[in-house]
Amino acid sequence: MKAQLRIYATLVLCLLTAAPALANAQTSATSSRIAFQEALVVLTNHDRLAQGDRQLTESPLLSAAAQAKADDMATKGYFAHHSPLGVSPWYWFTSVGYFYTHAGENLAMNFYDPASVESVWMASPAHRANILRNMYTQMGVGIAQGTYHGEPVTFIVELFATPAYPVAVGETATGTKTDSA
């Protein structure tokens, strides 16, 4: 009985000692994700301004939708605009209550530097078109860690849209689905 109590006390002590380190690691990971997201917004707007387009504003709803899509890919281990269950990219917009007239999605995997992913997207005609499409006024970014084909990866989702106003409560979302790259 004394041995069991000692083991239990040691286990509790270990958990109490490890808790701050775990909390700091989680805070650090969240801070890194947010810094990556913010940098990607800045880089996207830099490229838009260089082409004579107006800047996009970051939408908390679009960021929530992008994060939900990134989390879904990470959880289910797929890398595609449509999920294995057939969920379209446009679902993620309306799932957070974002109604749009135009929308687009860029996806990337395994980039650890915002400048690298932005550079690759700008070199791809379809991704570049989404970034520079003048009809968009807002954007959001999501990043998640997961696995793809058994390997650990980072999923990056960038959503673009033009909000539809006004939309009455209870109306269905209608919009033009523009591009996914």
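Placed above this text is the structure.
This structure is a prediction, so every number in the text was calculated from the model and none was measured. (Residues numbered from 1 in each chain as written. Predicted model: local features only at pLDDT ≥ 70, side-chain atom pairs only at ≥ 80, totals over all residues. Heavy atoms only, no water.)

A. Local environment of the overall build of the protein. Counting its regular elements, the protein contains five helices and five strands. Each helix (α) and strand (β) of the protein, taken in turn from the N terminus, gives the series α-β-α-α-β-α-α-β-β-β. Here the protein holds 181 residues, and the buried ones make up 38% of them. Sequence-distant contacts in the protein: of pairs separated by 6 or more residues, those separated by 24 or more amount to 75%. Accessible surface, the protein: about 9800 Å² in total, of which carbon and sulfur atoms supply 63%. (Helix = DSSP H or I, 4+ residues; strand = E, 2+ residues; numbered from the N terminus. Buried < 20%, exposed > 50% of the residue type's maximum accessible area, 1.4 Å probe, protein only. Contact = heavy atoms within 4.5 Å. Areas by Shrake-Rupley, 256 points an atom, 1.4 Å probe, with all protein chains shown as cover.)

B. Up close: the nonpolar core. In terms of nonpolar packing, the biggest core is built from 20 residues, with Phe93, Tyr100, Val157, Leu159 and Ala161 touching the most fellow members. Put simply, the parts of the chain that give this core at least two residues each are α2 (60-76), α3 (89-95), β2 (100-109) and β4 (151-163). Sort the elements by how many residues they give to this core and α2 lands first, with six residues. Every residue in contact with leucine 159, bar those within four places of it in the chain, is listed here: Leu62, Ala65, Ala66, Phe93, Gly104, Glu105, Gln138, Met139 and Gly140. Grouped together as the second largest cluster of nonpolar side chains are 16 residues, Trp121, Tyr136, Met139 and Phe160 included. (Core = buried A, V, L, I, M, F, W, Y, C linked by side-chain atoms within 4.5 Å.)

C. Structural view of the pairing of β2. Across the 10 residues of β2, seven count as buried, placing the element largely inside the fold. Taken together, the nine bridges between β2 and β4 define a ladder with antiparallel strand orientation. Of the residues in β4, the one forming a bridge with histidine 102 is threonine 162. (Pairing = 2+ DSSP bridges.)

D. How the structure looks around the side chain of asparagine 106. Along the chain, asparagine 106 turns up in strand β2. Its relative accessible area of 0% is what places asparagine 106 among the buried residues. Looking at asparagine 106, its side chain comes within polar contact range of the main-chain oxygen of histidine 127, at 3.4 Å. Within the local environment of asparagine 106, its side chain forms a polar contact with the side chain of asparagine 130, the two groups lying 3.0 Å apart. (Polar contact = N/O pair within 3.5 Å; in protein donor to acceptor, adjacent residues only side chain to side chain.)

E. Region of interest: helix α4 (residues 114-123). Those residues of α4 not exposed but buried are Pro114, Val117, Glu118, Trp121 and Met122. Down the axis of α4, the smallest arc covering the buried residues is 135 degrees, so these residues share one side. (Arc of directions from axis to C-beta.)

F. Looking closely at the pattern of salt bridges. In this structure the tally under the stated criterion is two salt bridges. Note that glutamate 105 is salt-bridged to lysine 69, the shortest N-O span being 2.9 Å. Of this pair, glutamate 105 sits in strand β2 while lysine 69 sits in helix α2, and the two are 36 residues apart along the sequence. By relative accessible area, glutamate 105 is classed as buried at 0%. By relative accessible area, which is 0% here, lysine 69 ends up buried. (Salt bridge = Lys/Arg side-chain N within 4 Å of Asp/Glu carboxyl O.)

G. Main features of the packing of aromatic side chains. Tallied over the entire structure, the rule returns six aromatic pairs. Relative to tyrosine 148, the ring of phenylalanine 79 lies with its centre 6.4 Å away and its plane at 70 degrees, an arrangement referred to as edge-to-face. Here phenylalanine 79, found in the loop between α2 and α3, pairs with tyrosine 148, found in strand β3 (residues 138-148); they are 69 residues apart in sequence, far enough to count as distant. Overall, the relative accessible area of 22% leaves tyrosine 148 in the partly exposed class. (Phe/Tyr/Trp six-rings, centres within 6.5 Å; stacked < 30°, edge-to-face > 60°.)

H. Seen up close, the side chain of glutamine 138. With respect to the helices and strands, the residue glutamine 138 is situated in strand β3. Judged by its relative accessible area of 15%, glutamine 138 is buried. A distance of 2.6 Å separates polar atoms of two side chains, one belonging to glutamine 138 and the other to tyrosine 98. If sequence neighbours within four positions are ignored, glutamine 138 has contacts with Leu56, Thr57, Ser59, Leu62, Tyr98, Leu159, Phe160, Ala161 and Pro163.

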